[in-house]
Amino acid sequence: METSSPTLPLLELRNVCKSYRSEGGGALDVLKNVSHTITCGESLAILGPSGCGKSTLLHLIGALDLPTSGQVLLEGVDLRTLDERGLALLRNRRIGFVFQLHHLLPQCTVLENVLLPTLADPQARPGAEVAQRAEHLLERVGLAERRHHRPAQLSGGERQRTALVRALINEPPLLLADEPTGSLDRAAAESLGELLMELNRENHVTLLVATHSPELARRMSRICQIRDGALEPFNA
């Protein structure tokens with residue numbers, strides 16, 4: 001995989017379409033000829049009602065699914081050209097995921113949950129270096145004193161911050177967040193939104209957020225919306 005370059009778009013969508021079979025046997029077109037370019041370090045919000053295709057688009061970008069037609073290129077590499085192992089390595093090393101539900105392992109501590117992605121990479125950095133980064137990130141998000149707690153002992157906002165640190169532990173250039181504040185109260189949502197933007201600036205991680213929240217979307221450098229399967233600029 002090529003490394004990110006100022007002259008190379010981090011992410012490029014070329015006429016991406018995604019269809020599913022409906023219950024009646026016909027085709028249900030969710031995304032239609034989506035073309036878009038995202039540069040390194042950018043922050044982009046994707047707005048739209050439930051079922052419009054926001055999560056589908058993030059799954060395609062994150063190599064969790066493949067388009068029916070068109071191309072998704074990450075750092076110049078067409079995801080369709082990678083085999084299952086290549087896709088798994090890309091997801092682990094180059095992409096961080098934060099979902100509405102944190103998906104933390106209940107039997108593991110905060111620190112253990114954060115370190116899980118490093119265990120799946122045979123070429124991961126030495127354990128001491130990774131542990132130091134985990135401790136630094138947990139301190140950065142205000143969880144240093146909670147690192148030995150389990151998810152059931154955390155608030156909703158603390159669980160999402162743990163999931164965020166887990167997504168960043170391998171230093172991915174791209175962070176995908178699917179309704180990251182959807183299950184949080186207003187105060188926790190505002191805190192997480194502010195934290196996302198601070199990490200975007202400090203770590204130069206490219207941030208894509210699918211959200212219903214206009215407040216969260218307004219924090220991003222650009223806002224788009226999905227309408228009738230197309231991705232277009234959002235005009236408030």
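Residues numbered from 1 in each chain as written. Predicted model: local features only at pLDDT ≥ 70, side-chain atom pairs only at ≥ 80, totals over all residues. Heavy atoms only, no water.

*Asks:* What am I meant to see in the sheet that holds strand β9 (residues 222–227) here?
*Replies:* Whether parallel or antiparallel, the strands of a sheet pair through hydrogen bonds between backbone atoms. With mixed pairing, the 6 strands of this open sheet are ordered in space as β6-β7-β8-β3-β9-β10. Edge positions in the sheet fall to β6 (95–98) and β10 (230–233), since each of these pairs with one other strand and no more. Strand-to-strand twist in this sheet, taken as the mean axis angle between neighbours without regard to direction, amounts to 20°. As judged from the 4 bridges shared by strand β3 (residues 43–47) and β9, these two strands associate in the parallel manner. In the sheet register, A45 faces β9, and the bridge partner there is I223. Across the sheet, helix α5 (residues 156–168) touches β6 and β7 (174–178), and the angle it forms with β6 is around 170°. (Pairing = 2+ DSSP bridges. Helix = DSSP H or I, 4+ residues; strand = E, 2+ residues; numbered from the N terminus. Axes fitted to C-alpha atoms, helices over the stretch in contact; angles between N-to-C directions. Contact = heavy atoms within 4.5 Å.)

*Asks:* How should I be thinking about the packing of α5 against helix α6 (residues 186–203) in this particular structure?
*Replies:* Two measures define how a pair of helices packs: the angle their axes make with one another and the distance between the axes. Contact geometry of α5 with α6 gives a least axis separation of 10 Å together with a crossing angle of 20°. Here α6 runs roughly parallel to α5, going by the angle between their axes. α5 and α6 meet at a crossing whose hand is right-handed. Counted together, G157, Q160, R161, L164 and L168 of α5 and A188, L192, L195, L196, L199 and N203 of α6 form the full contact between these two elements. Across the contact of α5 with α6, the residue classes tally to 7 nonpolar, 3 polar and 1 charged. (Parallel < 35°, antiparallel > 145°, perpendicular 65-115°, else oblique. Left-handed = near helix turned anticlockwise from the far one by under 90°. Nonpolar A, V, L, I, M, F, W, Y, C, P; charged D, E, K, R; others polar.)

*Asks:* For this particular structure, what's the right way to read the packing of aromatic side chains?
*Replies:* For any pair of aromatic rings, the description consists of the separation of the ring centres together with the inter-plane angle of the planes. Scanning the model with the defined rule gives 1 aromatic pair in all. Here the aromatic rings of F97 and F99 are separated by 5.8 Å at their centres, their planes lie at 5°, and the arrangement is stacked. Look at F97 and you get buried, because its relative accessible area is 17%. (Phe/Tyr/Trp six-rings, centres within 6.5 Å; stacked < 30°, edge-to-face > 60°. Buried < 20%, exposed > 50% of the residue type's maximum accessible area, 1.4 Å probe, protein only.)

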